[in-house]
Amino acid sequence: MASSRFLFLHVLVILFSLAGMALSDLSADFYDDVCPEALPTIKRVVEDAVRQERRMGASLLRLHFHDCFVNGCDASILLDQTDTIDSEKTSRANNNSARGFEVIDRVKSEVDKVCGRSVVSCADILAVAARDSVVALHGPTWEVELGRRDSTTASRTTADNDIPTPLMDLPALIDNFKKQGLDEEDLVSLSGGHTLGFAQCFTFRNRIYNETNNIDSTFASQRQANCPRSGGDSNLASLDPTPALFDSKYFSNLVSKKGLLHSDQALFSGGKTDELVKTYSTNLRTFSKDFAESMIKMGNIKPLTGSQGQIRVDCRKVN
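Residues numbered from 1 in each chain as written. Predicted model: local features only at pLDDT ≥ 70, side-chain atom pairs only at ≥ 80, totals over all residues. Heavy atoms only, no water.

Notes on the environment of Leu 173
Phase 1: Along the chain, the position of Leu 173 falls in helix α7 (residues 170-179).
Phase 2: Remark: the alpha-carbon pair of Leu 173 and Ala 266, spanning 93 residues in sequence, is separated by 8.7 Å. (Helix = DSSP H or I, 4+ residues; strand = E, 2+ residues; numbered from the N terminus.)

The structure is reproduced here in structure tokens:
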């Protein structure tokens, strides 16, 4: 009986060890030995890009988000269209919208140069570039776990189905994030990424012309000045009053019924996320902490590790 119990415990230890290995495939020090200059190089190139164009920080953050929501954080969003690749760049959420690809190309080139070979994945570059962009715009930092590998496929159909749309209401947003293993706090904190950047007119036209219950009328009129009922689809409006500064004004806007997108205002519309929005609107420290934790969580969505996938030489195409 004692030996059976010992064997059972031994098997449990092995199982827990294997589970731990699975959970620790990604690690913050993944490149410390193989290329210690990798992360400082990514930071330098990203900071330079954001210095040249402040909007680029939001664009790089968005690339990582849209990558992770489509079959995991595997750099599938970077693959160009070919006979065998159904590029996610042409999906509804990304077509004529996703940007920053040239910056990622520049990062990859510089990193491969300092490393002497292609050892840093495009998926890891996206994750680190997102963090460094937020920091460059005075947001929080966090330890990015590394070791992702790059996909050899892409899926425009999955991108169309899984990237949340600006027309979603709260239940649809909660379901969308839940599908990725993210909860309601993650939904609200990650939506706070809209403290940075801009949106195109076609994404908020219906809100400023046809919604009346949950929108400030003066705000709607101001946005209508640069977003006509027809035409001007690509005209830009900032997602909050300070689009190049990581702050809590995005949430203050929601409390004041000035969310630009329907999906933004859905977070403060009499539903279960109202209280968290209120908390973030007056507490930047809490928002920053939760945002960083949710970014780590999102960055761990279904990564390819070990012998899965590949390390692309060119982020735009499969080796």
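What about the nonpolar core?
Phase 1: In terms of nonpolar packing, the biggest core is built from 72 residues, with Leu 78, Ile 104, Leu 267 and Phe 291 touching the most fellow members.
Phase 2: Examining the composition of this core, we find that 10 residues originate from one element, helix α5 (residues 122-136), more than from any other.
Phase 3: Sequence-distant contacts of Phe 291, that is, excluding residues within four places in its chain, are made with Leu 61, Val 134, Pro 140, Trp 142, Ser 189, Leu 190, Gly 193 and Phe 246.
Phase 4: Ala 199, Ala 220, Cys 227 and Leu 261 belong to the second largest nonpolar core, which has 13 residues in total. (Core = buried A, V, L, I, M, F, W, Y, C linked by side-chain atoms within 4.5 Å. Buried < 20%, exposed > 50% of the residue type's maximum accessible area, 1.4 Å probe, protein only. Contact = heavy atoms within 4.5 Å.)

A short note on the environment of Phe 202
Phase 1: Inspection of the secondary structure assignment puts Phe 202 in helix α9 (residues 201-210).
Phase 2: Looking at Phe 202, the relative accessible area reads 43%, which means it is partly exposed.
Phase 3: As for Phe 202 and Arg 229, which are separated by 27 residues in sequence, their C-alpha atoms are 9.3 Å apart.

Points about the state of the cysteines
Phase 1: On inspection of all chains with the given rule, the structure shows four disulfides.
Phase 2: Cys 68 shares a disulfide with Cys 73; S-S distance 2.0 Å. Here the S-S torsion is close to 120°, and the disulfide linking Cys 68 with Cys 73 is therefore right-handed.
Phase 3: Each sulfur in the disulfide pair Cys 122 and Cys 315 lies 2.1 Å from the other. Taking the torsion about the S-S bond as the criterion, the Cys 122 to Cys 315 disulfide, at about -95°, is left-handed. Placement of the pair is Cys 122 in helix α5 and Cys 315 in the segment after α14 (284-299), with a sequence separation of 193 residues.
Phase 4: Assessed through its relative accessible area of 0%, Cys 122 is described here as buried. (Disulfide = S-S within 2.5 Å.)

What to know about the side chain of Arg 207
Phase 1: By the element assignment, Arg 207 lies in helix α9.
Phase 2: With a relative accessible area of 2%, Arg 207 lands in the buried category.
Phase 3: Side chain to side chain, Arg 207 and Glu 211 meet in a polar contact 2.9 Å long.
Phase 4: Contact partners of Arg 207, with chain neighbours within four places excluded, come to Asn 214, Ile 215, Lys 257, Lys 258, Gly 259, Leu 260, Leu 261, His 262 and Gln 265. (Polar contact = N/O pair within 3.5 Å; in protein donor to acceptor, adjacent residues only side chain to side chain.)

A closer look at the side chain of Ser 191
Phase 1: Following the sequence through the fold, Ser 191 ends up in helix α8 (residues 184-191).
Phase 2: Residue Ser 191 is classed as buried on the basis of its relative accessible area, which comes to 14%.
Phase 3: Setting aside its immediate chain neighbours within four residues, Ser 191 contacts Asp 186, Tyr 250 and Leu 267.

Examining the packing of aromatic side chains
Each pair of aromatic rings is reported with the distance of its centres and the angle of its planes.
Phase 1: The tally for this structure, following the rule as stated, stands at 12 aromatic pairs.
Phase 2: On the numbers, 6.2 Å between centres and 50° between planes, the contact of Phe 65 with Phe 177 is tilted. Highlighted residues: Phe 65 in helix α3 (residues 55-68) and Phe 177 in helix α7, separated in sequence by 112 residues. The burial state of Phe 65 is the same as that of Phe 177; both residues are buried.
Phase 3: Put simply, the rings of Trp 142, Phe 246, Tyr 250, Phe 251, Tyr 280, Phe 287 and Phe 291 touch in pairs and so form one group of aromatic residues.
Phase 4: Sitting over the face of the ring of Phe 101, Lys 89 holds its NZ or CZ atom 4.2 Å from the ring centroid. (Phe/Tyr/Trp six-rings, centres within 6.5 Å; stacked < 30°, edge-to-face > 60°. Lys NZ or Arg CZ within 6 Å of the ring centre and 35° of its normal.)

Comments concerning the packing of helix α4 (residues 101-115) against α5
Phase 1: In contact at an axis separation of 10 Å, α4 and α5 are set at 115° when each is read in the N-to-C sense. On the basis of the axis angle, α4 is roughly perpendicular to α5. α5 is crossed by α4, and the crossing has right-handed handedness. Residues Ile 104, Val 107 and Lys 108 of α4 touch α5, and the partners they reach there are Cys 122, Ile 125, Leu 126 and Ala 129.
Phase 2: For the contact of α4 with α5, the per-class residue count stands at six nonpolar, no polar and one charged. (Axes fitted to C-alpha atoms, helices over the stretch in contact; angles between N-to-C directions. Parallel < 35°, antiparallel > 145°, perpendicular 65-115°, else oblique. Left-handed = near helix turned anticlockwise from the far one by under 90°. Nonpolar A, V, L, I, M, F, W, Y, C, P; charged D, E, K, R; others polar.)

Digging into the UniProt feature "domain: Plant heme peroxidase family profile" (unreviewed entry) in the chain
Phase 1: Under the UniProt annotation, the feature "domain: Plant heme peroxidase family profile" (unreviewed entry) is placed at residues 25-319.
Phase 2: Regarding residues 25-319, the helix share stands at 47% and the strand share at 2%, and the terminal C-alpha atoms are separated by 23 Å. (UniProt positions renumbered as here; feature names shortened; annotations may be inferred.)

Let's talk about unusual backbone geometry
Apart from glycine, the bulk of residues carry a negative phi angle, and the bulk of peptide bonds sit in the trans form.
Phase 1: The backbone phi angle of Ala 75 is positive, close to 65°, even though this residue is not glycine.
Phase 2: Mapped onto the fold, Ala 75 is located in the loop between α3 and α4.
Phase 3: You can call Ala 75 buried: its relative accessible area is 0%.
Phase 4: The phi dihedral of Lys 302 falls on the positive side, at around 40°, and the residue is not glycine.
Phase 5: Note that Lys 302 resides in the segment after α14.

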